[in-house]
Amino acid sequence: MIHINDEFPQIVDLRYLNHAAVAPWPRRAARAVSAFAEQNATLGARDYPQWLTVERSLRQRLKRLLNAPSSGDVALVKNTSEALSFVAFGLDWKRGDRIVISDEEFPSNRVVWEALRPLGVEVVQVSLKGDDPEGDLLAACGPRVRLMAISAVQYASGLRLDLARLGEGCEQRDVLLCIDAIQQLGALPFDVQHNRCAFAMADGHKWMLGPEGLGVFYCRSDLRDQLKLHEYGWHMLEHTGDYDRTDWEPARSARRFECGSPNLLGAMALEASLSLLEEVGMERVAAELDERIEWLCRGLGDLDGVDILSPTTPDRRAGILTFRLQGWDNAALFERLKAEQVVCALRSGGIRFSPHFYTPQRVIDETVALLQELARH
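None of these values were measured; they are calculated from a predicted model.

Describing unusual backbone geometry
At step 1: The backbone of asparagine 67 shows a phi angle near 55°, a positive value even though the residue is not glycine.
At step 2: Position of asparagine 67 among the secondary structure elements: in the loop between helix H3 (48-66) and strand E2 (74-77).
At step 3: When its relative accessible area of 33% is taken as the criterion, asparagine 67 is described as partly exposed.
At step 4: Despite not being glycine, glutamine 341 shows a phi value in the positive range, around 65°.
At step 5: Assessed through its relative accessible area of 33%, glutamine 341 is described here as partly exposed.

Here we look at helix H2 (residues 27-43)
At step 1: Given a rise of 1.5 Å per residue, 17 residues ought to cover 24 Å, and the 24 Å separating the end C-alpha atoms of H2 matches this to within 8%.
At step 2: For H2, the complete set of buried residues consists of Arg28, Ala29, Val33 and Phe36. Around the axis of H2, the buried residues are gathered within 140° of arc, so they sit on the same side. Facing away from the buried side of H2, by more than 90 degrees, are the exposed residues Ala41 and Thr42.
At step 3: Positive phi shows up at glycine 44, right after H2, with a value of about 65°.

Digging into the sheet that holds strand E13 (residues 350-353)
At step 1: The four strands lie next to each other as E9-E10-E13-E12, forming an open sheet whose pairing is antiparallel. The open sheet has two edge strands with one neighbour each: strand E9 (306-308) and strand E12 (345-347). Between one strand axis and the next, the sheet turns by 40° as a mean value, whatever way the strands run.
At step 2: Taken together, the three bridges between E12 and E13 define a ladder with antiparallel strand orientation. Across the sheet, residue leucine 346 finds its bridge partner in E13, namely isoleucine 351.
At step 3: The strands touched by helix H10 (residues 330-339) are strand E10 (321-325), E12 and E13; relative to E13, the strand with the most contacts, the crossing angle is about 35°.
At step 4: Helix H11 (residues 361-375) rests against E10 and E13 of the sheet, and its axis sits at about 20° to E10.

Some thoughts on the UniProt feature "domain: Aminotransferase class V" (unreviewed entry) in the chain
At step 1: When the UniProt feature table is mapped onto this chain, "domain: Aminotransferase class V" (unreviewed entry) is found at residues 16-349.
At step 2: Helix makes up 35% of residues 16-349 and strand 15%, with an end-to-end C-alpha separation of 20 Å.

Points about the pattern of salt bridges
At step 1: This model, assessed by the stated rule, comprises 36 salt bridges.
At step 2: Linking arginine 146 and aspartate 97 is a salt bridge whose minimum nitrogen-to-oxygen distance equals 3.2 Å. You can see arginine 146 sitting in strand E5 (residues 145-151) and its partner aspartate 97 sitting in the loop between helix H4 (80-88) and strand E3 (98-102), a full 49 residues away along the chain.
At step 3: Classification of arginine 146 by relative accessible area gives partly exposed; the value is 24%.
At step 4: Overlapping salt bridges bring together Arg61, Arg64, Glu271 and Glu278 as one network.

Section: H3
At step 1: The end-to-end C-alpha distance of H3 is 27 Å, a good match for the 27 Å that 19 residues give at a rise of 1.5 Å each.
At step 2: Within H3 the residues assigned to the buried category are Trp51, Val54, Glu55, Leu58, Arg59, Arg61, Leu62, Leu65 and Leu66. Axial view of H3: buried residues confined to an arc of 165°, hence all on one face.
At step 3: On its buried side, H3 packs onto H2, E2, strand E8 (215-219), helix H8 (264-280) and helix H9 (282-301).
At step 4: Immediately beyond the C-terminal end of H3, within one or two residues, lies asparagine 67, with a positive phi of roughly 55°.

Examining the packing of aromatic side chains
At step 1: Tallying each qualifying case throughout the model produces twelve aromatic pairs.
At step 2: Taking 5.8 Å as the distance between ring centres and 80° as the angle between the ring planes, the aromatic pair formed by phenylalanine 357 and tyrosine 358 counts as edge-to-face. In terms of burial, phenylalanine 357 and tyrosine 358 fall into one category: buried.
At step 3: Taken together, Phe86, Phe199, Phe217 and Phe257 form an aromatic cluster joined through their ring pairs.
At step 4: The ring centre of tryptophan 93 lies 5.0 Å from the NZ or CZ of arginine 146, which sits over that ring.

A word on the packing of H3 against H8
At step 1: Look at H3 against H8: their axes get within 9 Å of each other, and the N-to-C directions meet at 45°. Classified by the interaxial angle, the pair formed by H3 and H8 is oblique. The element H3 and its partner H8 pack so that their crossing is left-handed. For the pair formed by H3 and H8, the contact residues are Tyr48, Trp51, Leu52, Val54, Glu55, Ser57, Leu58, Arg61, Leu62, Arg64 and Leu65 on the first element and Leu264, Ala267, Met268, Leu270, Glu271, Leu274, Ser275 and Glu278 on the second.

Concerning empty space enclosed by the protein
By rolling a water-sized probe across the atoms, one finds the places where empty space is left.
At step 1: One pass over the structure, following the stated rule, counts one cavity of 30 Å³ or more.
At step 2: There is about 60 Å³ of room inside the largest cavity.
At step 3: Taken together, Phe86, Leu227, Lys228, Leu229, His230, Glu231, Arg256, Phe257 and Glu258 form the lining of the largest cavity.
At step 4: Considered class by class, the residues forming the lining of the largest cavity number four nonpolar, one polar and four charged.

Cut-off values and rules
Residues numbered from 1 in each chain as written. Predicted model: local features only at pLDDT ≥ 70, side-chain atom pairs only at ≥ 80, totals over all residues. Heavy atoms only, no water. Helix = DSSP H or I, 4+ residues; strand = E, 2+ residues; numbered from the N terminus. Buried < 20%, exposed > 50% of the residue type's maximum accessible area, 1.4 Å probe, protein only. Expected span 1.5 Å × (residues − 1). Arc of directions from axis to C-beta. Pairing = 2+ DSSP bridges. Axes fitted to C-alpha atoms, helices over the stretch in contact; angles between N-to-C directions. Contact = heavy atoms within 4.5 Å. UniProt positions renumbered as here; feature names shortened; annotations may be inferred. Salt bridge = Lys/Arg side-chain N within 4 Å of Asp/Glu carboxyl O. Phe/Tyr/Trp six-rings, centres within 6.5 Å; stacked < 30°, edge-to-face > 60°. Lys NZ or Arg CZ within 6 Å of the ring centre and 35° of its normal. Parallel < 35°, antiparallel > 145°, perpendicular 65-115°, else oblique. Left-handed = near helix turned anticlockwise from the far one by under 90°. 1 Å grid on protein atoms, 1.4 Å probe; cavity = no way out; pocket = protein on both sides within 12 Å on 5 of 7 lines; lining within 4 Å. Points joined across faces, edges and corners; volume = space filled by probe spheres on them. Nonpolar A, V, L, I, M, F, W, Y, C, P; charged D, E, K, R; others polar.

As structure tokens, then:
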């Protein structure tokens, strides 16, 4: 039986509402890293094969989390930006090709495509402010568009898109769909097959409750050969470990994107964190998270002077709620909240709260009460 409070032993006065930035680790992840450090200190790499067993388990957990057809479709990468770069500089672009993105993307999912401009590739930004953002995105996919790169959930507004509709629409238009899933994976169910995406990527340090420095890259199996490789090393070879072999070829699996030694320290933590999400179950994680977002919506909605910037309908929200408080400068309000041990973020002209499935109701109630007091002054 899982005792969630035991997994997140945060100090009593802390009000942690910042999982869309960097999440706390569950206790089991801290224990896994501590045990790994002790092994390194006392035994060195004597048990290296055992470490690789943990890494293989991590790949299987990520396969299930993504609903990828095979663990061979999953690469372990440093971060989302690296995976996006594999796609951007792997595809064979032609002058005049276009890429569709939104006008709300995090810099990682904008700059990487704008960096292709010297090749004659055009980036088309589509507003998500209309009543039908999916329709607007698909309407921008003319004959010269080769790829749509979109975040599953927008980092500032918290807008959640209908990925299955985008996937179907892109498939009909012969457009590749690349999903930055960092604000959904680990918070809500995510399915690369149902969404018909060509590529998907996410870091482990947000909703997956893992460390920075380790993420996941899904590449559809029929597209792996189409991505030109720019990084080479011993680990990305088909016959990795056969060091005396002089002929070589890239791995047929997504391991071809992993050029060198694996981040086993990160793998120990992320594998442990994902074991918690699996034990809880993503359907329950999503339901518990939505309940907490609803608590915030109701609590903030009852306050005078609060302007909620995020979608509040269940089909459009995920784990992010961004707002403004009248009479307060956003930066000043952020500093005041920080002084009161409310851990949150300053994003896109507002204060961003992002609880997770385990966040105690006390944290939300105390935060709302604090804002009610601040609204009076």
